[in-house]
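Summary of structural features
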Amino acid sequence: QVQLVESGGGLVQPGGSLRLSCAASGSTSEIYAMGWYRRAPGAPDKRRDLVATMDNTGRARYAESVKGRFTISRDKNVNAVYLEMNSLKPEDTAVYYCEADSQGSDFVLRGHWGQGTQVTVSL
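Let me sum up the structure you'll find in this document.

Reading the values: the criteria
- Residues numbered from 1 in each chain as written.
- Predicted model: local features only at pLDDT ≥ 70, side-chain atom pairs only at ≥ 80, totals over all residues.
- Heavy atoms only, no water.
- Helix = DSSP H or I, 4+ residues; strand = E, 2+ residues; numbered from the N terminus.
- Buried < 20%, exposed > 50% of the residue type's maximum accessible area, 1.4 Å probe, protein only.
- Contact = heavy atoms within 4.5 Å.
- Salt bridge = Lys/Arg side-chain N within 4 Å of Asp/Glu carboxyl O.
- Core = buried A, V, L, I, M, F, W, Y, C linked by side-chain atoms within 4.5 Å.
- Pairing = 2+ DSSP bridges.
- Axes fitted to C-alpha atoms, helices over the stretch in contact; angles between N-to-C directions.

1. Looking at the environment of A23
Its location among the elements puts A23 in strand β3 (residues 18-26). Relative accessible area serves as the criterion here: at 42%, A23 is assigned to the partly exposed category. Each C-alpha atom of the pair A23 and T93 lies 22 Å from the other, and the pair is 70 residues apart in sequence. A23 has contacts with Q3, L4, V5 and N79, leaving out every residue within four places of it along the chain.

2. Observations regarding the pattern of salt bridges
Two side chains carrying opposite charge are able to pair once their charged atoms lie near each other. The final tally for this structure, using the stated rule, is eight salt bridges. One salt bridge connects D92 with R38, and the closest N-O pair in it is separated by 3.0 Å. With a gap of 54 residues between them, D92 in the loop between β8 (80-85) and β9 (94-103) and R38 in strand β4 (residues 31-39) connect regions that are remote in the sequence. As a salt-bridge pair, R110 and D106 come within 2.8 Å of each other at their nearest N and O atoms.

3. Brief notes about the nonpolar core
In terms of nonpolar packing, the biggest core is built from 27 residues, with M34, W36, L83, M85 and Y96 touching the most fellow members. At the level of secondary structure, the elements contributing two or more residues to this core comprise β1 (2-7), β3, β4, β5 (49-55), β7 (70-75), β8, β9 and β11 (117-121). In this view, L83 contacts L18, R19, L20, W36, V51, A52, F70, T71, I72 and Y96; residues no more than four positions away in its chain are not counted.

4. Side note on the pairing of β8
Judged by how many residues are buried, β8 sits mostly within the fold: five of six residues are covered. Sheet topology note: the β3/β8 ladder contains six bridges and is antiparallel. The residue of β8 that forms the bridge with A23 is A80. Sheet topology places β7 next to β8; six bridges connect them, and they run antiparallel. Each residue of the ladder has a partner; that of I72, found in β8, is L83. Counting the residues between successive antiparallel strands, the hairpin from β7 to β8 contains four residues, one of them, N79, with a positive phi of roughly 55 degrees.

5. Topic: the sheet that holds β3
Reading across the sheet, the four strands line up as β1-β3-β8-β7 and stay open at both edges, with antiparallel pairing between neighbours. Pairing within the sheet leaves two strands with one partner each, and these edge strands are β1 and β7. The mean inter-strand angle of the sheet, taken between neighbouring strand axes irrespective of direction, is 15 degrees.

This is the structure in structure tokens:
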């Protein structure tokens, strides 16, 4: 199993910046990708929209809505993933979830989720 703990959310004004962090523990050697998803206000509890992901080769993928404003990075030495968010907009307001994909010795692919951190962009 992989455990994920997010930090860094908060309240920021439009145009501001925030940096989210996520630390992984447990079976971290099985992780092959990590990323961030979000759930906007009013969305169903199970809804998770892709923000950005990065695999172990460093290849990143972004949602169109955040390209050029958000940057994902990973530090495999400490099993962490980060999301640098710039030029924030009110529509970026959401609960942000860290996610990790793993494959164990049983070859089963698994997804792991953090508890989420609130990001609010407002005056």
